[in-house]
Each structure stands twice: as structure tokens, then as C-alpha cells.
Amino acid sequence: MQRLRTTVARLRPITATQTAKSQSQARPTAVGGALRTFEPMRSYTASVSAEPFLNGTSSNYVKEMYYAWLENPRSVHKSWDIFFRNANAGGSPGAANQSPPPLGGAALGLANAQAMVGTQPNVEKLVEDHLAVQSLVRAYQVRGHHIAKLDPLDISVIDFDESPVMLGLKKVERLYDLTAGGFYGLDETDLDKVFRLPTTTFIGGSESALPLREIISRLEMAYCQSIGVEFMFINDLEQCQWIRHKFERPGVMQFTLEEKRTLLTRMVRSTRFEEFLQRKWSSEKRFGLEGCESLIPALKTIIDKSSMNGVESIIMGMPHRGRLNVLANVIRKELDQIFCQFDSKLEAADEGSGDVKYHLGMWHRRINRVTDRNITLSLMANPSHLEAVDPVVQGKTKAEQFYCGDTEGKRVMSILLHGDAAFAGQGVVYETFHLSDLPSYTTHGTVHVVVNNQVTHPATPPTALSITAPTPLEGYLQPPTYHPETRPSIAHKISATVCYRRNGHNEMDEPMFTQPLMYKQIKMQKGVLQKYYEKLLAEGAVSRQDYEEEIAKYDKICEEAHARSEDEKILHIKHWLDSPWPGFFNVDGHPKSMTSLSTGLPEEELVHIGYMASSVPVEDFTIHRGLSRILKGRAAMVGQRVCDWALGEYMAFGSLLKEGTHIRLSGQDVERGTFSHRHHVLHDQNIDKRICIPMNHISPNQAPYTVCNSSLSEYGVLGFELGFAMASPNALVLWEAQFGDFHNTAQCIIDQFICPGQAKWVRQNGIVLLLPHGMEGMGPEHSSARPERFLQMCNEDPDTYPSLNLCVYDLSLRQLYDCNWIIVNCSTPANYFHVLRRQILQPFRKPLIVFTPKSLLRHPEAKSSFDDMLPGTHFQRLIPDSGPVCEKPEGVKRIVFCTGKVYYELIRERNNRGNDDTVAIARIEQLSPFPFDQVKVETDRYPNADLVWCQEEHKNQGYYDYVKPRLRTTVDRTRPVWYVGRGPAAAPATGNKVAHLVELQRFLDTAFNLDAFTEQS
Ligand SMILES: Cc1ncc(C[n+]2csc(CCOP(=O)(O)OP(=O)(O)O)c2C)c(N)n1
């Protein structure tokens, strides 16, 4: 405090070297001719009694004055000039402050300077008054939005006046009303005095001082009309200044005649579109925009400005409200295509089950009329689940930026629209925002438009929102927020449009049940188009004839499109595709061929990638000793022509990169691997933050490899990666859960997008989910990736054996093409290698769910020979028993089918018991699509064997319910299928290690007890 108070007294000339050191604190000046610099060097302290105006809050103001004086001594009041000159000349504290001589009228270039100080100026009062003005300006900037006229209904249910934070502002209101009390000592007698404006405001335009009355009036214009700006929580001064400049400059809200007419035209389209739909389909749900029609001109203005600034592609996500209007009037989807969606008689032409019209997406490239430049607009298809699309939009935006080399987000950007309740309540909004500053996830800024219609479903705000601001994230996340009333505005980060909803939640809903008073008020509201037209008419900006012609023109467009839509015989969902992949499919949207490419690799390539995985490809890079041992181990494996899990993955990634496929692996701790097995990013032990990614040194012309530790989020990050994978079919995008069970916090992305995405939106996606899974005595969590959930959602019929005869193509490929996702649990590194490569080499894209191992990562037997990865080898959907059972299959008493890690428990037990000629063990590596044909080969091979399904998971979990009917279908229900595994349970695993081992031994005993099922059969 004391230091602050004496800041000015301590300002002294310094030498050139000192200047360099203290540049951040000092400013240059031309006082006295030569350029000099001052810094707060003198260490004596002046008491406040010696310079009483230098109290804590005054010091900012004094600094302002001082800097202004440095730049131009005549720009400050004479009293300041004398003070600074004395202080500069070394005058003692207290002596520096001398009464100034009487002022001449023109001395400061301020018309009312005389009035400011009077004939006997009181410097203390003068400083206090200026400080008060500074505080006043700040009060408007900080709190002005609370008294802005945001609610078009004027019934705002949130009582801001009750809020303690409003106390300062109430004073402002009182001052403005010229009532008693004043503001920091200012009162109505000061209204005509002229005050110098602080540098933190732009209300002066070219003037540096204004009468108090004018200051208040301009602040009211900037902050308290129908646009409120909330931004003063931002820590970045430059950003604050940018916003102040945008909103405060005099005349900034004045539009040119052309702009006004464009706004009117856009309002006409927005309003008449809804009216047209209402006339034609009054009983259809469309989640109309009535009450917030200004959203359309607002969005169009954002797009125009973005295009002007070089943006070529905009990716949008939005909820149901006003979606059709956005499609029609922002994205410019053909109107007849929209109207077709209302025709309940039309049959769908495409494969898949489709979706309701207000969920469909769209992709459109067009010329922006304002800028005459090409712009691509896409609206992502989304489910009902509000805000779920946010991370998906961000991921797709990031991918497009990545593929076009847009490292600053100048060419590709995203716009997200939100309902106010969903924006406030859905955690995925936070998860998405939280990605925005992480290097591998940032899209360099998003425009958020919040439609605040003051209701949420049937609920009113007091029951649905526990916050007083519609955009509660802003304080934490630091984006500025604009709260425009229903009128067009340009938003740069979060724009919250406070409006109303003319109808119920949808057009079938009766809002008066729950919001009687609000809806009485709404019924009395004149539409915003009408209001705006009347305003422009009064100004003479448009004539009635212009207006009526504009309306007639748009109505005609709608009618003609409607007539065309009636000629349509069929609905094409593929016309609503939001992410086309030009060149990947043939013109009909089908795969270009239906043949599988070989996934094997030549030996020398395996060796080359293997050595890259074992080395540090940069000079003078010191890695951790433990890691050196791991890399040496890898090199040894390459020498022995074998792979463990990590090396198998390396081979798959390295070869795909070499072939030109971009790979992106994202998730918590993926760079090292949760189980410390991967180590794709090496860290120099001597130089902080120096890293090396050997995978990017495989080959000179390889595609880039992105491996990125994500934030601690599943919903947001999985959504993001799904969006990333949407942008191109030529990338392998993988998301790894830290443990497989954590995927359930991203359940919405799995249930709503990944599983049914193609069926709903004819959109393929090749995302890969790596889900560590296995019962290893680690407790109920960290054990199960819940395979039962994924298997339950497969679209395959368990009761129908796929017909080979009808198949023109390879059965397995056809099955893959027809399924909604592929689910595998590989037991060997080679199979994992093949399935990753197949994901890219197959001629279409499907999501791939991989249950990945934990203990198998280091299991000495879970290794693969290079022989299993050479040309001609491929992914094995089923791995049959190749041991002694093959010699005399008729003598085999039991065939145990299993998947994943339990195979190693089974062979250990079988070896211990020595019955490897009577019990065969077959591994089903691909669970979905189910390898019916290969299972049949096995069941036919062992005609006298019991059929057993063995799993380590509990009976009501794992694979049993999925596999059993399929095994039965395979044998045409002629043989029973027995279960071996843990009994049913509520939790996925026991928390007790002993119980875990007892359970394991118990079911292994059953698996090899050939009498176990005799009594039951
Ligand atoms: C995740 C999720 N929960 C619940 C719903 C059901 N729902 C549909 S609209 C709606 C109200 C949304 O309110 P708001 O975000 O203010 O948008 P508005 O409908 O008022 O435009 C609700 C709760 C949903 N669609 N998604």
C-alpha cells in the first residue's frame, strides 16, 4: 500500500542500461527535449500526509496522469504539470504538490476547463472527482449489462437488484436520475463539469475530455441499451481494450442504409419461413424460431464478417430450436428438400433408419454474397441429447484446420448454438470449453450463440436454473459475453440472445399450462420484424411498398419450392450428409471395390519399424535409464523376430504412416500408455520439455503422427475424436480410455453417435476405441470395459446364419460392410496389428471397438512371430486350436470357445492337467460381426465335443448372452451350449483378491471337468 502511494514520488530519470532492464514498467517521454525514461527507483517513502491525494486508489489515476503528462505535458491540468515537474526535479515529497496558477480558458484545450476547477481549485477534490469518473466508467463496463434492457417481455424473473454485486450500480442509477446520494462524491452539480477520460474508455471518440452528463449518456448508450456486454473478468488487457473499442466508439451502433435493408431482408426470410411452415403444417413439430427470429440475421452477419476475414469453412452445431430456419436461410439448404421432410407419405431411398428432420445435418459450398468468396457451411447432424454435438463440432473443426495447415484457425472456424438451459446445465459444455487451450485440441476460438428464450422445456427459470446469468461458464473460461435483445448483433465469442418463445416447447405444446403470465405478455408482443420495419419506415429507410415486395418475393420462393417438393417421390437421407468424403466412394456413395487388401508386411519393413521403435532418432537426447532398458528389450525382440503388444501396435501405426495415413491417438496418458508400455513420446532427461516422437521419423514422406494426452474427460474427448474422424476417411483416429470402464462417462457419444451414426445419418466413421479390459483382481472398477453393452447394440441377427450362397463378395467383408460396428478382443499382438491395418485398408469405414489387454502387455506367451505378420497373413476372426486335439478330433470331448485374456488362463490350466488331447480351445477374436462360418468349421471338426462358452466375466456380463444364441444358430440348435465362468453379479468384479482367485480356479475347474454338465444334459 505504502509503495503504491509513493509511486509518483519515486519516478526518476535512469540510465540507458536501466532502461533496458525496466522496459515493462517504464514509458519513454519527450519532456525537456531528449527522450528519457523513468522508473520507480527512489526508495524513500513519502507519507500520505505529505501527499494526501496519493492514497491507494488514487495511485492508478495519478499514474494515468503521469503517463499522459510524459507524452504531452500540456494534456494534463496545470496543477499536475507543476507537480510532475517538481517531482522530476527532485522536489521533496509534499513540496511537489503546489497550487497551480489560475487557468487560461485554452490552456488544456478543454472548453470547460474553468468550470472544472473553479477559480480556487481544490486539487484534492479534483483528483477525487476524476477518480470518481474513472470508477463510474468502470462500473458501467463491469455491471452495465445488468441494467441493459435485455428482456423484450419486460418481465425478467431474475431480480438482479437483489444481488449484492449490484450495489455499485445502483449508485450509478441514482446519479443518472440526479437524485441525492451521489457517486464517490460526485453529484448533480458536477454534471456539466468536464472530465478527462481515462485511457480505458473509447466513449470520447476523438475527444479526450467530456462533461460528466455526456460521459454518462455515452456509457448508457454503450452498455445499457438492448445489448449488454460482460467482459471485465477477462485478464487480458488487450482483449478488454478490443471489446471496449468495439462497443464504446460513438456511432458504433449506427448502420448504413444498405446494412439496414439487408437486415430487414434477412428478418423477412427468417420470419416468413416459420409462418410458411405454420400455414402448411400447423400440426407438425418443427421447434420454430418464433420469438427469436433475429438469430438468422445475427448468424449471417457472423458468417459475412468471418468470410471477410478469410474464413473458408464454418462448421456449426445447434439444437432443435430454429434448426430448419438455419438450414433454409443460413446454410441455404434447398427449400423443397426441407419441405419433403414434412411429407409423411414419402419413402426413404437410403439404407439405414434415418432421423427426424430437426436432427439432420447438411454440407453446402456456396458463394457468400457479401464478400463474393467461396464458403463451405456445414451443420452437424445431432441427436436429441442437447450439447452432445459440441465436442464433435470442435473435433471436426480441428481436423479440417489440421488437413489444410490452418495453424491459427484463420480459415476454418466453428459456431455453436445453445439453448440457455442446456448451456448452463450440461457438463459436456464445460468439457468442450476445457479443450480449447490444449495444443492438440484447440480450434483457436469458437463463436457461441446462446438463445435465451427465458424458458426451458415447460420449466421456468427459477426451477430450472440456479444461476443468475445465462452463461455461467464465462467467469471461469474468460470468453466475453454479449446479451443482445432480439436484434441483430455481431458476436465474437459468446453471444446470448435474450428473447422469448412464442409457442410452446414445440408447436403441439400448450405453454399457458405452466407459464400463464409470460404467455399473456408474449401474446401482446409485436413481432420483431414488424417492430424493425416500423422503425425503418419511420426513419424513411424503407417504404411500405419495399417491405411488401420483399415479403411477397420470399413467399413466392417458398410456394414454388413447396410445389416442387410435391413432385418428389422419394426421400434421400444422403442429401443431408454433413461430412461427404469426395473420392472415397463411387458416385452412388458405395465403396469403390469390395475386396480386402492384404494387411501383412514384408519382413524388412517390420525390421525397419521395429528398430525405429527401439531407438532415439535424434542426436544428444538422453532418455531415462528404465526406458533405455525397454528400448533394448524391443531391439532384442526384433532380433528374435517377435513382437509384444506395444511393438505390434508400433508396426501397425508405423506402416500406415509410411503408406500416407495420418494417425491420431488421443486419451489420458496415451503418450506413455497407462500401463507404461507404449512410450511414443520420449523425454530428454537433461533438457526440460524437450521431446522426441520416433514414430514421426519412420520415413521421409510419411504422414504425420499425432499422439496427445487429453484432458481428464471422456465425453468431451471421445466426442472430439469422433468429430476428427469425420473429416477424412484417410486417417486412423483412436481414442483410448484409461481403463475401459471409464467409457461410460462418454456413453452418450457411444449410444447416440458411434453405434447408430451410419443408420441415422448415412455417415460412416472409422473411429477406434481402445478399451483396456480384463479381470485381474483389481476390484470392481478398472476391470470390465463392459463388453456386454457394446455387444447388445450390434445390429446383427443372432438367429440367422448368414447365407454364403447369396454373397457375391467375401462373406467376412460383406458382414463388415453390413454391421454397425466391429468388436474385437485380440489375444495376440499380430492380430491386433492386422485389425488396425484392416481398419484403413478396407474399402469402407466402421467404428472399431477393441478390448485391449493389461497383464497381457507383458505376458511372455502373448507374443507373435513376424511370421504371423508377413504378406499373405491377415486378421484371424477365430484362432482354432492347433495342438494335439487336431490329430484326433473325434476323440475330443469338449470344445471351449473363449475370447481375450482368459485363453491364457485356460491353456495354463490345461497344461497343468495334461488334457490337451481331449479339450480343444478356440479363440473368437472378432465378436462382431460374429464369425459364424469359422465357428461352424470348429463345431463340425469336433462332432463329439460338448460346446462350452468360457469367460472370466460374470454370467450376466461379458459375452455369454451375445455368443450363446449365435453358437446355437451355428449348430442349428442341435447341440446345447454350456456356460463356464463367474456367476451373475451386480458389480463387475470382487474387491477381494482372494475371492478373485477362488472364483477363477472354480470356473477353470469346471472348464476341464468333463462330467460337469452330464447331470444337466
Ligand atoms: C441431454 C438432454 N436432456 C434433456 C432433454 C429434453 N429437452 C429437450 S428441449 C429441453 C429444454 C431445453 O431448454 P433450452 O436449452 O433453454 O432450449 P429451448 O428449448 O428453450 O430453446 C429439454 C430439457 C434433451 N433434449 N437433452
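Residues numbered from 1 in each chain as written. Predicted model: local features only at pLDDT ≥ 70, side-chain atom pairs only at ≥ 80, totals over all residues. Heavy atoms only, no water.

Draft legend 1. Region of interest: the side chain of Thr-432. Among the secondary structure elements, Thr-432 is positioned in helix 16 (residues 427-434). Leaving out residues up to four positions away in the same chain, Thr-432 has contacts with Asp-390, Pro-391 and Gln-394. (Helix = DSSP H or I, 4+ residues; strand = E, 2+ residues; numbered from the N terminus. Contact = heavy atoms within 4.5 Å.)

Draft legend 2. Focus on unusual backbone geometry. Of note, the bond from Ser-928 into Pro-929 is cis; its omega dihedral lies within 30 degrees of zero at -5°. On the secondary structure map, Pro-929 appears in the loop between strand 29 (926-928) and helix 32 (932-941). Unlike most non-glycine residues, Asp-620 shows phi in positive territory, near 50°. Positioned with a positive phi, His-679 is a non-glycine residue whose angle comes to about 55°. Within the secondary structure, His-679 is located in the loop between strand 17 (662-667) and strand 18 (682-683).

Draft legend 3. Structural view of the sheet that holds strand 17. One open sheet holds the seven strands; their spatial order is 20-17-21-22-24-23-29, and the pairing between them is mixed. Of all the strands in the sheet, just strand 20 (705-709) and strand 29 have a single pairing partner and so form its edges. Going across the sheet, the axis of each strand differs from the next one's by a mean of 20°, ignoring polarity. Relative to the sheet, helix 30 (residues 829-841) contacts strand 21 (731-736), strand 22 (768-772), strand 23 (822-824), strand 24 (848-852) and strand 29, its axis offset from that of strand 21 by approximately 130°. (Pairing = 2+ DSSP bridges. Axes fitted to C-alpha atoms, helices over the stretch in contact; angles between N-to-C directions.)

Draft legend 4. Structural context of the nonpolar core. Within the largest apolar cluster, 124 residues are counted, with the highest numbers of intra-cluster contacts made by Leu-299, Ile-338, Ile-415, Leu-769 and Phe-897. The dominant element in this core, judged by the number of residues it contributes, is helix 25 (residues 715-727), at eight residues. Apart from the residues within four sequence positions on either side, Ile-338 is in contact with Phe-273, Leu-324, Leu-327, Ala-328, Lys-333 and Trp-576. (Core = buried A, V, L, I, M, F, W, Y, C linked by side-chain atoms within 4.5 Å. Buried < 20%, exposed > 50% of the residue type's maximum accessible area, 1.4 Å probe, protein only.)

Draft legend 5. Molecular detail of the pattern of salt bridges. Scanning the model with the defined rule gives 46 salt bridges in all. Here Glu-275 and Arg-272 are joined by a salt bridge, their closest N and O atoms 2.8 Å apart. Here Arg-272 and Glu-275 lie together in helix 10 (residues 257-280), a separation of three residues that amounts to about one turn. The closest approach of N and O atoms between Glu-905 and Arg-908, which form a salt bridge, is 3.1 Å. Remark: Arg-908 and Glu-905 occur in helix 31 (residues 902-913); sequence separation between them is three residues, near one turn of the helix. Residue classification places Arg-908 among the partly exposed positions, given a relative accessible area of 41%. (Salt bridge = Lys/Arg side-chain N within 4 Å of Asp/Glu carboxyl O.)

Draft legend 6. Highlighting the site of the ligand. The full set close to the ligand counts 15 residues, and Arg-321, Ser-384, Asp-420, Ala-422 and His-505 are the nearest of them. A distance of 3.2 Å separates a nitrogen atom of the ligand from a polar atom in the backbone of Leu-386. Ala-421 is positioned with one of its backbone polar atoms (N or O) 3.1 Å from an oxygen atom of the ligand. Here the shell around the ligand gets three residues from one element, more than from any other, and that element is helix 15 (residues 420-425). (Near = heavy atom within 4 Å. Polar contact = N/O pair within 3.5 Å; in protein donor to acceptor, adjacent residues only side chain to side chain.)

Draft legend 7. Spatial organisation of the packing of aromatic side chains. Here the structure, examined in full by the defined rule, presents 30 aromatic pairs. Aromatic pair Phe-790 and Phe-851: ring centres 5.9 Å apart, planes at 70°, arrangement edge-to-face. On the criterion of sequence distance, the pair formed by Phe-790 in helix 28 (residues 787-792) and Phe-851 in strand 24 is long-range, its members being 61 residues apart. Exposure remark for Phe-790: the relative accessible area of 2% places this residue in the buried category. We classify Phe-851 as buried; its relative accessible area is 0%. A cation over an aromatic ring shows up here: Arg-966 above the ring of Tyr-962, its NZ or CZ 3.6 Å from the ring centre. (Phe/Tyr/Trp six-rings, centres within 6.5 Å; stacked < 30°, edge-to-face > 60°. Lys NZ or Arg CZ within 6 Å of the ring centre and 35° of its normal.)

Draft legend 8. Looking closely at the sheet that holds strand 27 (residues 894-898). The strand order 26-28-27-30-31 describes an open sheet built from five strands, whose pairing is mixed. Each edge of the open sheet carries a strand with a single partner, namely strand 26 (878-879) and strand 31 (977-982). In this sheet, strand 31 lies alongside strand 30 (residues 946-954) in parallel orientation, the contact comprising five bridges. Bridge assignment links His-954 to a residue of strand 31, and that residue is Arg-982.

Draft legend 9. Representation of the pairing of strand 9 (residues 362-368) within the structure. Bridge count for strand 9 against strand 10 (residues 373-379) is seven bridges, and the pairing is antiparallel. For Asn-368, the partnering residue across the bridge sits in strand 10 and is Arg-373.

Draft legend 10. Fine view of the packing of helix 25 against helix 26 (residues 747-754). As a packed pair, helix 25 and helix 26 sit with axes 8 Å apart at the nearest point and diverge in direction by 30°. Of the possible angle classes, the one that applies to helix 25 and helix 26 is roughly parallel. Seen from helix 25, the contacting residues are Tyr-715, Leu-718, Gly-719 and Leu-722; seen from helix 26, they are Cys-748, Ile-749, Ile-750, Phe-753 and Ile-754. Here the contact of helix 25 with helix 26 is composed, by residue class, of eight nonpolar, one polar and no charged. (Parallel < 35°, antiparallel > 145°, perpendicular 65-115°, else oblique. Nonpolar A, V, L, I, M, F, W, Y, C, P; charged D, E, K, R; others polar.)

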